[in-house]
There are 2 protein chains.
Amino acid sequence: MVADGAMTGLATDVVVFTIRDQCLRVLLVRRSGEPFAGHWALPGGMVPADEALDDCASRMLGEKTGVRGVYLEQLYSFGEPGRDPRGRVVSVAYYALVPPERLARFADGDDQLAWMPTEALPELAFDHRHIVELAHRRLAAKLDYSNIALQFMGERFTLSELQSVYETILGEPLDKRNFRKRVRNLPCIEDTGEWFRAGKHRPARLFRVTRSDRVEIIK
Amino acid sequence: MVADGAMTGLATDVVVFTIRDQCLRVLLVRRSGEPFAGHWALPGGMVPADEALDDCASRMLGEKTGVRGVYLEQLYSFGEPGRDPRGRVVSVAYYALVPPERLARFADGDDQLAWMPTEALPELAFDHRHIVELAHRRLAAKLDYSNIALQFMGERFTLSELQSVYETILGEPLDKRNFRKRVRNLPCIEDTGEWFRAGKHRPARLFRVTRSDRVEIIK
DNA sequence: CGAAGTTAGTGTCTTTTCTACACTATGTCA
DNA sequence: TGACATAGTGTAGAAAAGACACTAACTTCG
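Just so we're clear, the structure is a prediction, and the values are computed from it rather than from any experiment.

Turning our attention to the relation of the copies chain B and chain A. Overlaying chain B on chain A yields an RMSD of 0.0 Å, the required transformation being a rotation through 180° with an accompanying axial translation of 0.0 Å. Accordingly, the operation relating the two chain copies is best matched by a two-fold axis.

Structure representation (structure tokens):
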């Protein structure tokens, strides 16, 4: 093995985003052990020696949410010597986007898990608050030049729903006609011809993502 | 300390860019020890247990180039279990931009160091070629929406020199008048009123970066 | 001393993109 | 059938981006 002094704990932490109730929410896990016992923290943990970083993040996401195959991207690595009181632990942070549809059990009934709104986070363990903020900024920036927001949509969705996702992440209202003009021209979105009826008003067209695509840079 | 299985080697590698002879160049170091003895590699090494990642990258940059205080940004972390034959080593990669002026000795006369053109790299150790390519893409992308290219400029520079930097990184020619229109309006650039005389042609205005600014997002 | 060579420097028009803005359509329910 | 709620649509002005060619200032050489 390699020089000592370079031995460290290696962890991944995952900022799992979803959207519910017009709120951008992050999955938090209540810590049982020290340090920060009882605090909320990001799902994560030590990386086994034989596992790739991406695989580890993906696995941790799956273990907490039951979800696989969603959008997952490396965010940043944090390695301040003092960030974990137990010793040197480098955390390679990821962020993931999960359509709310895919969260069957919504962590309700499990008081060790919670989907918390990003604008009202409790005190978090370690530097996790900082990690969440960075992930949120990255996500918001990507709305501008990629179609990443589609990763929050289910099988079929209306344009109003999609607009609401944008507005929720950006924290500001968008012009309806300009939004639709822009989004209707995306090659990766397609009118299904079906209608969505809800409430006492005009039904909305349902769209789908054409190829169950990954995120693309569009600008 | 933390759970075993999670103990790993932690390294940083730095992609140090400069521009010389209309070429985007990367600093390479010849490896002396196994594995990959004799191969060219990125400057880097194990991170001491008490040193922050940024500090370590900055220090390694300084040790190889003698340069301090230049632009340095975390790029990505690489942790494939097989990327280092000695065992699990996670490398947190950085990239740095150095104005050629600041490189007094240009690694000439040191056959263990070389500034190699990105478009003609030798075979590199580990996954370092991949790291260089990622850094180059990131740098090129940032030209579009930030003023990062100014990090390559010395105290004073002409607009033609600046345009050449853009063209070199992007690998394509730019329109002179459109380029100047865009860049003259940047608030962080200022006409010094001085002239640069070279060769048998009209002298060029010299500009400077107004506040010895860090990189800013401009779009 | 002027002609040739070399790089610096400049403006306009067209196309595209972005932004602001308000009304009609279609359903439900009382 | 009228009130209500959300879906859906187009245009005009402003700003940004892109294409494009000539003159200016210096040096050198004949």
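Read on for the rest.
Taken together, 22 residues lie near DNA strand D, and Ser 160, Lys 176, Arg 180 and Arg 205 of chain A together with Lys 200 of chain B sit nearest. The sugar-phosphate share of atoms of DNA strand D within 4 Å of the protein amounts to 42%. At 3.1 Å, a backbone N or O of Lys 200 of chain B approaches a base oxygen of DNA strand D. Of all elements in the fold, only helix 4 (176-184) and strand 9 (204-209) of chain A together with helix 4 (176-184) of chain B reach the threshold of two or more residues within the surface near DNA strand D. In terms of residue count, helix 4 of chain A provides more of the surface near DNA strand D than any other element does, four residues in total. Here the surface near DNA strand D is composed, by residue class, of three nonpolar, five polar and 14 charged.

Attention now moves to the packing of helix 3 (residues 159-170) of chain B against helix 4 of chain B. Residues and elements named next belong to chain B. Closest axis-to-axis distance for the helix 3/helix 4 pair is 11 Å, and the angle between their directions is 105°. Taken together, the axes of helix 3 and helix 4 lie roughly perpendicular to each other. Along its contact with helix 3, which presents Leu 159, Ser 160, Leu 162, Gln 163 and Tyr 166, the element helix 4 presents Lys 176, Phe 179, Arg 180, Arg 182, Val 183 and Arg 184. Tallied by class, the residues present in the contact of helix 3 with helix 4 amount to five nonpolar, two polar and four charged.

To continue, consider the packing of aromatic side chains. Residues and elements named next belong to chain B. Taken as a whole and judged by the stated rule, the model has eight aromatic pairs over all chains. On the basis of an interplanar angle of 65° and a centroid distance of 6.2 Å, the ring pair of Tyr 71 and Tyr 95 is categorised as edge-to-face. One end of the pair, Tyr 71, is in strand 5 (residues 71-78); the other, Tyr 95, is in strand 6 (residues 89-97), and 24 residues separate them in sequence. Taken as a pair, Tyr 71 and Tyr 95 share a single burial class, namely buried.

Let us now look at the nonpolar core. Grouped together as the largest cluster of nonpolar side chains are 41 residues, with contacts concentrated most on Val 15, Phe 17, Tyr 95, Phe 152, Leu 162 and Ile 169 of chain B. Of all the elements in the fold, those that place two or more residues in this core are strand 1 (7-20), strand 2 (23-30), strand 5, strand 6, strand 7 (113-117), helix 2 (128-145), helix 3 and helix 4 of chain B. In terms of domain composition, this core takes at least three residues from each of domain 1 (9-145) and domain 2 (148-209) of chain B. When neighbours within four sequence positions are excluded, Tyr 95 of chain B is seen to be in contact with Val 15, Phe 17, Tyr 71, Leu 72, Glu 73, Leu 75, Ala 135, Arg 138, Lys 142 and Ile 148 of chain B. By size, the runner-up hydrophobic cluster in this structure holds 40 residues, among which are Ile 19, Leu 28, Val 132 and Leu 139 of chain A.

Close to DNA strand C lie 23 residues; Lys 200 of chain A together with Arg 180, Lys 200, His 201 and Arg 205 of chain B are nearest. The share of sugar and phosphate among atoms of DNA strand C within 4 Å of the protein is 42%. Take Arg 177 of chain A: an N or O atom from its side chain is 3.1 Å from a base nitrogen of DNA strand C. Within the backbone of Lys 200 of chain B, one N or O atom sits 2.5 Å away from a base nitrogen of DNA strand C. When residues of the surface near DNA strand C are traced back to their parent elements, those giving at least two are helix 4 of chain A together with helix 4 and strand 9 (204-209) of chain B. Ranked by residues supplied to the surface near DNA strand C, first place goes to helix 4 of chain B with five residues.

Turning our eyes to something else, we now look at the domain arrangement of chain A. Residue and element names in this part refer to chain A. Considered domain by domain, chain A is made up of domain 1 (9-145) and domain 2 (155-209). Spacing between the C-alpha centres of domain 1 and domain 2 amounts to 28 Å. In this complex, domain 1 contributes ten residues to the contact, which on the side of domain 2 involves nine residues. A per-residue breakdown of the area domain 1 buries against domain 2 is headed by Ile 19, Gln 22 and Leu 143, which together make up 59% of the total. Scanning the region where domain 1 abuts domain 2 turns up zero salt bridges. Elements with a contribution of two residues or more to the side of domain 1 that touches domain 2: strand 2 (23-30) and helix 2 (128-145).

So, on to the pattern of salt bridges. A complete count under the given rule lists 22 salt bridges over all chains for this structure. With its nearest N and O atoms 2.9 Å apart, the salt bridge here joins Glu 63 of chain A to Arg 59 of chain A. On the criterion of helical spacing, the pair formed by Glu 63 of chain A and Arg 59 of chain A is a turn pair, its members being four residues apart in helix 1 (residues 53-65). For Glu 63 of chain A, a relative accessible area of 52% corresponds to the exposed category. Overall, the relative accessible area of 28% leaves Arg 59 of chain A in the partly exposed class. For Arg 129 of chain B, the salt bridge goes to Glu 133 of chain B, with nearest N and O atoms at 3.5 Å. Placement of the pair is Arg 129 of chain B and Glu 133 of chain B together in helix 2, with a separation of four residues, close to one helical turn. For Arg 129 of chain B, a relative accessible area of 37% gives the class partly exposed. Note on Glu 133 of chain B: relative accessible area 37%, which makes it partly exposed.

What follows deals with the packing of helix 2 of chain A against helix 3 (residues 159-170) of chain A. All names here are of chain A. Where helix 2 meets helix 3, the closest approach of the two axes is 9 Å, and the angle between their N-to-C directions is 135°. Between helix 2 and helix 3, the crossing angle belongs to the class labelled oblique. In the packing of helix 2 onto helix 3, the handedness of the crossing is left-handed. Of the residues in helix 3, those in contact with His 136, Leu 139, Ala 140 and Leu 143 of helix 2 are Tyr 166, Ile 169 and Leu 170.

Take the interface of chain B and chain A next. With 30 residues of chain B at the interface, the matching set in chain A holds 30 residues. Taken over both partners, the interface formed by chain B and chain A buries close to 2,400 Å², and the fraction arising from carbon and sulfur atoms is 60%. The tally of links from chain B across to chain A stands at zero salt bridges. Counting the contacts that link chain B with chain A gives nine residue pairs in polar contact (both at pLDDT 80 or more). Of all the secondary structure elements, the ones that give two or more residues to the side of chain B that touches chain A are strand 1, helix 1 (53-65), strand 5 and strand 6 of chain B. For the side of chain B that touches chain A, the class distribution of residues is 17 nonpolar, seven polar and six charged.

Scoring rules and cut-offs
- Residues numbered from 1 in each chain as written.
- Chains lettered and ligands numbered in written order.
- Predicted model: local features only at pLDDT ≥ 70, side-chain atom pairs only at ≥ 80, totals over all residues.
- Heavy atoms only, no water.
- Least-squares fit on C-alpha atoms with pLDDT ≥ 70 in both.
- Near = heavy atom within 4 Å.
- Polar contact = N/O pair within 3.5 Å; in protein donor to acceptor, adjacent residues only side chain to side chain.
- Helix = DSSP H or I, 4+ residues; strand = E, 2+ residues; numbered from the N terminus.
- Nonpolar A, V, L, I, M, F, W, Y, C, P; charged D, E, K, R; others polar.
- Axes fitted to C-alpha atoms, helices over the stretch in contact; angles between N-to-C directions.
- Parallel < 35°, antiparallel > 145°, perpendicular 65-115°, else oblique.
- Contact = heavy atoms within 4.5 Å.
- Phe/Tyr/Trp six-rings, centres within 6.5 Å; stacked < 30°, edge-to-face > 60°.
- Buried < 20%, exposed > 50% of the residue type's maximum accessible area, 1.4 Å probe, protein only.
- Core = buried A, V, L, I, M, F, W, Y, C linked by side-chain atoms within 4.5 Å.
- Domains from an automatic or database assignment.
- Buried area = accessible area lost by both parts, 1.4 Å probe.
- Salt bridge = Lys/Arg side-chain N within 4 Å of Asp/Glu carboxyl O.
- Left-handed = near helix turned anticlockwise from the far one by under 90°.

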